[in-house]
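Residues per chain are reported as follows:
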Amino acid sequence: MQESRETPTRQIRAAHTATTVTVYQAYSPALGLPAARDGRFPPAWKRERMTWIKPSFLWMMYRCGWATKEGQETVLAVEISREGFDGALAEACLSHYAPRVHTDRAEWKKTLSRSPVRVQWDPERDPHLKPLPYRSLQLGLSGPASRAYADEWTVSIRDVTPLAREIHGLVRAGDTDAARALLPVETPYPAGPLPHLGA
């Protein structure tokens, strides 16, 4: 990931191909290991619960503490279809009221109640997990969007916990350049303008 003063405040950056985009999640080994082994989420994965997906590897590391937090010891790289991801973005609503995006608070609440997809923009992180002056997308999926993510959009699931530990070890040893060299390459995602999401 390149850091630049020219990086827009709100921009989706991700590892992506012509047909897929990679997002990250962290789970307990009881859920994460079977998902990586089988390449799909197991029946125990609750499809009705809101699930948050993150295109930023380092934001995921911030959230799970480099795979050390309880219940987040297994980090998954989930490759999903761009069609599913783009559809989710199109119907998403910001999780908070933003005066410059919404007509008024009532309009935002109405949109929020209809949408199964939430968006938060949280500060991106550097390899030391310190906040950067631009933000990273977090996409919350519930109901039909959560079910589609698990059972329709998912192309592959990989366990990237060993990579997380290797990068963390290099950061702790003070070799930030070597740590950066191992990071997944995340480039601007061609989503186009997203005025309904403040981007």
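Predicted model, so just to flag it, every value in this text is computed and none were measured. (Residues numbered from 1 in each chain as written. Predicted model: local features only at pLDDT ≥ 70, side-chain atom pairs only at ≥ 80, totals over all residues. Heavy atoms only, no water.)

Student: Summarise the sheet that holds strand E4 (residues 74–81); cite the residues concerned and give the values.
Tutor: Spatial strand order, E2-E4-E8: three strands in an open sheet with antiparallel pairing. Strands at the two margins of the open sheet, each flanked by one partner only, are strand E2 (20–27) and strand E8 (154–159). Averaged over all neighbouring strand pairs, the angle between strand axes comes to 25°, with direction disregarded. Strand direction decides the pairing type here: E2 and E4, joined by eight bridges, are antiparallel. By the bridge assignment, Ala 26 is partnered in E4 with Val 75. Strand contacts of helix H2 (residues 57–64): E2 and E4, with the helix running at about 10° to E2, the strand carrying the most contacts. (Pairing = 2+ DSSP bridges. Helix = DSSP H or I, 4+ residues; strand = E, 2+ residues; numbered from the N terminus. Axes fitted to C-alpha atoms, helices over the stretch in contact; angles between N-to-C directions. Contact = heavy atoms within 4.5 Å.)

Student: A description of the sheet that holds strand E3 (residues 51–53) should follow, citing residues and the corresponding values.
Tutor: Strand order in this open sheet of four strands is E3-E7-E6-E5, and the pairing throughout is mixed. The open sheet has two edge strands, E3 and strand E5 (93–94), and neither has a second partner. Inspection of the sheet shows E5 paired to strand E6 (residues 117–125) by two bridges, in the parallel sense. Its bridge partner being in E6, Cys 93 is matched across the sheet by Arg 118. The strands touched by H2 within the sheet are E6 and strand E7 (131–141), with E6 carrying the most contacts at an inclination of about 90°. Packing against the sheet, helix H5 (residues 143–153) makes contact with E3, E6 and E7, and its axis sits at approximately 90° to E7.

Student: How would you explain the packing of aromatic side chains if you had to name every residue and give the values?
Tutor: Under the criterion given, the structure shown has nine aromatic pairs. A centroid spacing of 6.2 Å and a plane angle of 70° characterise the contact between Tyr 27 and Phe 41, whose relative ring orientation is edge-to-face. Of this pair, Tyr 27 sits in strand E2 while Phe 41 sits in the loop between helix H1 (29–38) and E3, placing them 14 residues apart in sequence. When sorted by exposure, Tyr 27 lands in the same class as Phe 41, which is buried. With centroids separated by 5.2 Å and ring planes inclined at 90°, the aromatic side chains of Phe 85 and Tyr 189 adopt a geometry described as edge-to-face. With Phe 85 in helix H3 (residues 82–91) and Tyr 189 in the segment after strand E9 (187–188), this residue pair connects regions lying 104 residues apart in the sequence. With respect to class, Phe 85 is no different from Tyr 189; both count as buried. Ring pairs connect the aromatic residues Tyr 27, Phe 41, Trp 45, Tyr 149 and Trp 153, which therefore count as one cluster. Lying over the aromatic face of Tyr 62, Arg 125 brings its terminal NZ or CZ to 3.6 Å of the ring centre. (Phe/Tyr/Trp six-rings, centres within 6.5 Å; stacked < 30°, edge-to-face > 60°. Buried < 20%, exposed > 50% of the residue type's maximum accessible area, 1.4 Å probe, protein only. Lys NZ or Arg CZ within 6 Å of the ring centre and 35° of its normal.)

Student: Please provide a residue-by-residue account of the nonpolar core, values included.
Tutor: A general tendency of soluble globular proteins is for nonpolar side chains to be buried together. In this structure, Phe 41, Ile 80, Phe 85, Leu 139, Leu 141 and Tyr 149 are the most contacted members of the largest nonpolar core, which totals 33 residues. Mapped onto this core, the elements with two or more residues apiece are E2, E4, H3, E6, E7 and H5. Not counting residues up to four positions away in its chain, the partners in contact with Tyr 149 are Val 23, Gln 25, Phe 41, Trp 45, Thr 51, Ile 53, Val 78, Ile 80, Leu 141 and Thr 154. (Core = buried A, V, L, I, M, F, W, Y, C linked by side-chain atoms within 4.5 Å.)

Student: Quick rundown of H2? Include the residues and the values.
Tutor: Counting buried residues along H2, six of its eight residues qualify, which places the element largely inside the surrounding structure. If you check which residues of H2 are buried, you get Phe 57, Leu 58, Trp 59, Met 60, Met 61 and Cys 64. Check the buried side of H2 and you find it contacts E2, E4, E6, E7 and helix H6 (161–172). Looking at the residues trailing H2, positive phi occurs at Gly 65, about 60°.

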